[in-house]
Amino acid sequence: MVSGEEADRSITETFTALRDQIAKECALKEEVSSVSHELELCEREVVVTLGRVHMLDKSATSEIFTSSHDMVESRIKPLYEKLQKLVSPNMYYKFHESFAHATQRVVYAIAFTHFLEEGVLISRDAVASILGVKIDGRDGFHLDLEDYLHGILHLTSELSRFSVNAVAAGDNKQPLLGSFNTLKCDHGAASEQLGTKIAEFVRTIDANFRLLNLKNDSLRRRFDSLKYELQKCDQIVYDLTIRGLKPIEVQGETDCKSNSLPDNFEVPVKKKLKESTN
C-alpha cells in the first residue's frame, strides 16, 4: 500500500507536469496570436491598396497589382511559414479561429487581383500555392475549404461595389467587361479578345454555391447575402442597356466561356463539404 507521503509526492509530480504543459500551450498560443495579429495588419494594407482600384484610374492599376503581389509574396507568405512551424497538423483547428478571418481576407485580396487581371476565378489550389500552404489537412497546415469560400463570397461583394463605382465614374464598360485586361478565347480556328462580364461571373458563382450542401452556419448566412450582390450587378447591366448606355463594342458579345470558374470548382468543393459534414 502506498504511504501518504508517496501519494502526496505523486500528486505533486503530476500537477507539476501539467503546469509545465499549460505554460507551454500558453506560450504557443501567444506566439500564434502575435503572428495572426501581424497577418491581420498585412492583409489590411493589401486590401487598402486594392481599394484604390475603385478610383478607376487605369494608369495606376499596374502599380496597384504589382504592389499587391509584392506584399503577398514578401510579407504575407512568410507569416504563413511561421504559422506552419508553430501549429502542428493535430493542433490546426485549436488555433484556426486566430487566423481564420485574416485568411479569408487574404483569399479575397488574391482572388480580386486575379479576377481584375485575368477575368476568371482563381482556384483554391492556386491560392494555397501562392501562400505556400497545403490543400489537404492530412498533409499539414492547409487552406481551410470554408476560408476559401468565405473569401470568394467577399469577392462578389467587392465586384458589385466595383460595378457601381465604375458607372458612377462614367465608365460603362467595366460592369460588362470583368477584367482590365482582355481574355483570349478560342472559337474554332479563330481567336478574339473578350472580357468576362461581372454580372455573369457573380451569377455563375451563385449558381455553383447553390449546389453545395451548406450547413446553417456563418458560411450559409454569408451566402444568403449573395443574391443581393447579384441583383445589384443585374440592375446595373439592365440600367445601362435600357438607357442605351451599353458600350457599342460590348453589345452583341457573348462569352466564349460562360462559366468563368475553375474546372475543378464545383464537384470537389461539393464533395469535400459533404465529407466534412459526415
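Analysis parameters
- Residues numbered from 1 in each chain as written.
- Predicted model: local features only at pLDDT ≥ 70, side-chain atom pairs only at ≥ 80, totals over all residues.
- Heavy atoms only, no water.
- Axes fitted to C-alpha atoms, helices over the stretch in contact; angles between N-to-C directions.
- Helix = DSSP H or I, 4+ residues; strand = E, 2+ residues; numbered from the N terminus.
- Parallel < 35°, antiparallel > 145°, perpendicular 65-115°, else oblique.
- Contact = heavy atoms within 4.5 Å.
- pLDDT = per-residue confidence, 0-100.
- Phe/Tyr/Trp six-rings, centres within 6.5 Å; stacked < 30°, edge-to-face > 60°.
- Buried < 20%, exposed > 50% of the residue type's maximum accessible area, 1.4 Å probe, protein only.
- 1 Å grid on protein atoms, 1.4 Å probe; cavity = no way out; pocket = protein on both sides within 12 Å on 5 of 7 lines; lining within 4 Å.
- Points joined across faces, edges and corners; volume = space filled by probe spheres on them.
- Nonpolar A, V, L, I, M, F, W, Y, C, P; charged D, E, K, R; others polar.
- Left-handed = near helix turned anticlockwise from the far one by under 90°.
- UniProt positions renumbered as here; feature names shortened; annotations may be inferred.
- Polar contact = N/O pair within 3.5 Å; in protein donor to acceptor, adjacent residues only side chain to side chain.
- Core = buried A, V, L, I, M, F, W, Y, C linked by side-chain atoms within 4.5 Å.
- Arc of directions from axis to C-beta.

Another point: the packing of helix H3 (residues 92-118) against helix H4 (residues 124-131). Running from N to C, H3 and H4 point in directions that differ by 105°, and their axes come no closer than 11 Å. The angle between the axes of H3 and H4 places the two elements in the roughly perpendicular class. Residue-level contacts link Val106, Val107 and Ile110 of H3 to Val127, Ile130 and Leu131 of H4.

Per-residue pLDDT for the protein has a mean of 78; in total, 75% of the residues score no lower than 70. Of all secondary-structure elements in the protein, the lowest mean pLDDT belongs to strand S2 (residues 190-194), at 23, while H4 reaches the highest, 96. Counting interchain partners and residues more than four positions distant, the pLDDT-below-50 stretch residues 250-260 has 25 contacts.

A complete count under the given rule lists nine aromatic pairs for this structure. With 5.2 Å between their ring centres and 40° between their planes, Phe99 and Phe141 make a pair best called tilted. Placement of Phe99 in helix H3 and of Phe141 in the loop between H4 and helix H5 (145-168) is noted, with a sequence separation of 42 residues between them. Phe141 matches Phe99 in its accessibility class, with the two residues each being buried. Taken together, Tyr80, Tyr92, Tyr93, Phe99 and Phe141 form an aromatic cluster joined through their ring pairs.

We now examine empty space enclosed by the protein. All told, the structure shown has two cavities of 30 Å³ or more when counted by the stated rule. A volume near 50 Å³ is recorded for the largest cavity. Every residue lining the largest cavity is listed: Tyr80, Tyr92, Phe99, Thr103, Leu131, Val133, Phe141, His142, Leu143 and Asp147. It is H3 that contributes the most residues to the lining of the largest cavity, three residues altogether. Its residues assigned to classes, the lining of the largest cavity shows seven nonpolar, two polar and one charged.

Turning to the packing of helix H6 (residues 198-209) against helix H8 (residues 226-242), a few remarks are in order. At a minimum axis distance of 9 Å, the contact between H6 and H8 shows a crossing angle of 155°. Here H6 lies roughly antiparallel to H8, going by the angle between them. With respect to the hand of their crossing, H6 and H8 are arranged in left-handed fashion. In this structure, H6 uses Ile198, Ala199, Val202, Arg203, Ile205 and Asp206 to contact H8, whose residues at the interface are Leu226, Leu230, Cys233, Asp234 and Val237. When grouped by side-chain class, the residues that make up the contact of H6 with H8 number eight nonpolar, no polar and three charged.

According to UniProt, the positions carrying the feature "binding site: Mg(2+)" (unreviewed entry) are Glu158. Residue Glu158 is classed as buried on the basis of its relative accessible area of 9%. Discounting chain neighbours no more than four positions away, the residues touching Glu158 are His54, Tyr108 and Phe112. At 2.8 Å, the side chain of Glu158 and the side chain of Arg161 are in polar contact.

The next subject is the nonpolar core. For soluble globular proteins, the rule of thumb is that nonpolar side chains tend to be buried together. Grouped together as the largest cluster of nonpolar side chains are 62 residues, with contacts concentrated most on Leu39, Ile76, Tyr80, Leu131 and Phe209. Elements with a minimum of two residues in this core: helix H1 (4-51), helix H2 (58-86), H3, H4, H5, H6, helix H7 (218-224) and H8. A per-element tally of this core places H3 first, with 13 residues.

Tracing the backbone shows Asp147 in helix H5. Accessibility expressed as a relative area gives 2% for Asp147, which makes it buried. For the pair formed by Asp147 and His101, sequence separation is 46 residues and the distance between their alpha carbons is 7.7 Å. Polar side-chain contacts of Asp147 include one of 2.7 Å to the side chain of His96. Polar side-chain contacts of Asp147 include one of 3.1 Å to the side chain of Gln104.

This next bit is on H4. Arg124, Val127, Ala128 and Leu131 are the residues of H4 that are buried. With its buried residues spanning 100° around the axis, H4 presents them on a single face. Backbone geometry just after H4 places Gly132 at a positive phi near 75°.

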